[in-house]
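# Chains, contacts and geometry: an overview
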Amino acid sequence: MSDLLTRMRGAVPENRPGCTAQEIMAADRDFVEAVTFADPDELLAVLRQVIAENWMGLAPWARNLAYRMVCLQRPDDAALLREAAVDLYSFGPDWDEEAAELERRADLLDPRVRP
């Protein structure tokens, strides 16, 4: 199992029963560090896997960060921008404006869509 997958699963609250606050903070710090420096293809694959295992398990802040890091590394991937937008809409309305901006950017990149 990859280190990234281990750290992402460690950020799922139900995977850390009985942990102390210090252990939770350490797991979250490890998750942020792993996501920050992850290869975008591996990060996206692991993110999709963890979401498939437990759709609501990974906290919105962690999902947002992971998608943000991948989108920053692959800014011209219209399908990815749309996927990230859908995920943001799932936890809105707080991030609806950001999701709409991702959709707008995806539309500009996609030759099949005329803005």
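The structure under discussion appears in the preceding block.
Given the structure is predicted, the values throughout are model-derived calculations rather than measurements.

Turning next to the packing of aromatic side chains. Inspection of the entire model under this criterion finds 2 aromatic pairs. Where Phe31 meets Trp61, the ring centres are 5.6 Å apart and the plane angle is 85 degrees; that geometry is what we call edge-to-face. Taken as a pair, Phe31 in helix H2 (residues 21-36) and Trp61 in helix H4 (residues 60-73) lie far apart in primary sequence, 30 residues in all. Where Trp55 meets Phe91, the ring centres are 5.4 Å apart and the plane angle is 15 degrees; that geometry is what we call stacked. Of this pair, Trp55 sits in the loop between helix H3 (40-53) and H4 while Phe91 sits in the loop between helix H5 (78-90) and helix H6 (96-109), and the two are 36 residues apart along the sequence. Arg63 extends its terminal NZ or CZ atom over the ring of Trp55, reaching a point 4.8 Å from the ring centre.

Cis geometry is adopted by the peptide bond preceding Pro93, which originates at Gly92 and carries an omega value of 10 degrees. Within the secondary structure, Pro93 is located in the loop between H5 and H6.

Quick look at H6 now. Compared with the 20 Å implied by 1.5 Å per residue over 14 residues, the 20 Å span of H6 between its first and last C-alpha is a close match. Taken together, the buried positions of H6 are occupied by Ala99, Leu102 and Ala106. Projected down its long axis, H6 shows its buried positions confined to an angular sector of 60 degrees, all on one face. Away from its buried face by more than 90 degrees, H6 exposes Glu97 and Leu108. Where H6 is buried, its residues touch H5.

Let's shift gears to the nonpolar core. By size, the foremost hydrophobic cluster in this structure holds 31 residues, and its most contacted members are Met8, Val35, Leu43 and Leu58. Residue assignment for this core shows that the elements contributing at least two residues are helix H1 (3-10), H2, H3, H4, H5 and H6. Among residues more than four places away in sequence, those in contact with Val35 are Leu4, Met8, Leu43, Leu65, Ala66 and Met69.

Counted by the stated rule, this structure contains 12 salt bridges. Taking the shortest distance from any N to any O, the salt bridge between Asp41 and Arg74 comes out at 3.0 Å. Of this pair, Asp41 sits in helix H3 while Arg74 sits in the loop between H4 and H5, and the two are 33 residues apart along the sequence. Glu101 is the salt-bridge partner of Arg104, the closest N and O atoms lying 2.6 Å from each other. Taken together, the positions of Arg104 and Glu101, both in helix H6 and 3 residues apart, correspond to about one turn of that helix. According to the relative accessible area criterion, Glu101 is partly exposed, its value standing at 34%.

Here is what the cut-offs are and how they apply
- Residues numbered from 1 in each chain as written.
- Predicted model: local features only at pLDDT ≥ 70, side-chain atom pairs only at ≥ 80, totals over all residues.
- Heavy atoms only, no water.
- Phe/Tyr/Trp six-rings, centres within 6.5 Å; stacked < 30°, edge-to-face > 60°.
- Helix = DSSP H or I, 4+ residues; strand = E, 2+ residues; numbered from the N terminus.
- Lys NZ or Arg CZ within 6 Å of the ring centre and 35° of its normal.
- Expected span 1.5 Å × (residues − 1).
- Buried < 20%, exposed > 50% of the residue type's maximum accessible area, 1.4 Å probe, protein only.
- Arc of directions from axis to C-beta.
- Contact = heavy atoms within 4.5 Å.
- Core = buried A, V, L, I, M, F, W, Y, C linked by side-chain atoms within 4.5 Å.
- Salt bridge = Lys/Arg side-chain N within 4 Å of Asp/Glu carboxyl O.

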